[in-house]
Amino acid sequence: MEFLIEKQFLRLLRRTVKNLIIMSDPKVYSRSDISKILSKASEIQTRKDLYSDQQGLNKAELLHIAEEVGIDKDVLIQALREF
């Protein structure tokens, strides 16, 4: 039991240190960089587990996700037309 608690503590400590390092990064990202970073994060999240066992999403699901991340509905609809 003690070993398990120690292991969980160490895992939490590692995660905290990693987050502190990331948060203390003084770099300022350009709009272009931000777009690329968020796009890449979205790809990674999608590959991991965002849609579990689904093979894809329908338009309503895309609109819902876009709303959650702050993408205007009209912008998404335009992107769908241009896709």
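Parameters and conventions
Residues numbered from 1 in each chain as written. Predicted model: local features only at pLDDT ≥ 70, side-chain atom pairs only at ≥ 80, totals over all residues. Heavy atoms only, no water. Helix = DSSP H or I, 4+ residues; strand = E, 2+ residues; numbered from the N terminus. Buried < 20%, exposed > 50% of the residue type's maximum accessible area, 1.4 Å probe, protein only. Areas by Shrake-Rupley, 256 points an atom, 1.4 Å probe, with all protein chains shown as cover. Patch = residues over 30% accessible without salt bridge, like charges linked within 9 Å, V, L, I, M, F, W, Y side chains within 5 Å. Salt bridge = Lys/Arg side-chain N within 4 Å of Asp/Glu carboxyl O. Axes fitted to C-alpha atoms, helices over the stretch in contact; angles between N-to-C directions. Parallel < 35°, antiparallel > 145°, perpendicular 65-115°, else oblique. Left-handed = near helix turned anticlockwise from the far one by under 90°. Contact = heavy atoms within 4.5 Å. Nonpolar A, V, L, I, M, F, W, Y, C, P; charged D, E, K, R; others polar. Polar contact = N/O pair within 3.5 Å; in protein donor to acceptor, adjacent residues only side chain to side chain. Lys, Arg positive; Asp, Glu negative; His and termini not counted. Charge placed at Lys NZ, Arg CZ, Asp CG, Glu CD.

(A) Region of interest: the overall build of the protein chain. Looking only at helices and strands, the protein chain features four helices and zero strands. Counting from the amino terminus, the protein chain carries its helices and strands in the arrangement α-α-α-α. Across the 83 residues of the protein chain, 5% fall into the buried class. A total of about 8,000 Å² of accessible surface is found on the protein chain, and carbon and sulfur atoms cover 59% of it.

(B) Spatial organisation of a nonpolar patch on the surface. Together, Phe9, Leu10, Leu13, Val17 and Ile21 make up an exposed nonpolar region whose accessible area comes to about 460 Å². Within the secondary structure, Phe9 sits in helix α1 (residues 2–23).

(C) Geometry of the packing of helix α3 (residues 59–68) against helix α4 (residues 73–82). It is the contact of α3 with α4, at a shortest axis distance of 9 Å, that shows an interaxial angle of 135°. On the basis of their axis angle, the class for α3 and α4 is oblique. Relative to α4, the crossing made by α3 is right-handed. Contacts from Lys59, Leu62, Leu63 and Ala66 of α3 reach α4 at Lys73, Leu76, Ile77 and Leu80. Class assignment for the residues of the contact of α3 with α4 results in six nonpolar, no polar and two charged.

(D) α3, seen in detail. Where α3 starts, the residue carrying a side-chain oxygen 3.1 Å from the main-chain nitrogen of Ala60 turns out to be Asn58. Directly beyond the C-terminal end of α3, a positive phi value near 85° is found at Gly70.

(E) Region of the structure containing a positive patch on the surface. A cluster of basic residues, Lys7, Arg11, Arg14 and Arg15, forms a positive patch on the protein surface. For Arg11, the location among the structural elements is in helix α1. Judged by relative accessible area, Arg11 falls into the partly exposed class, the value being 42%.

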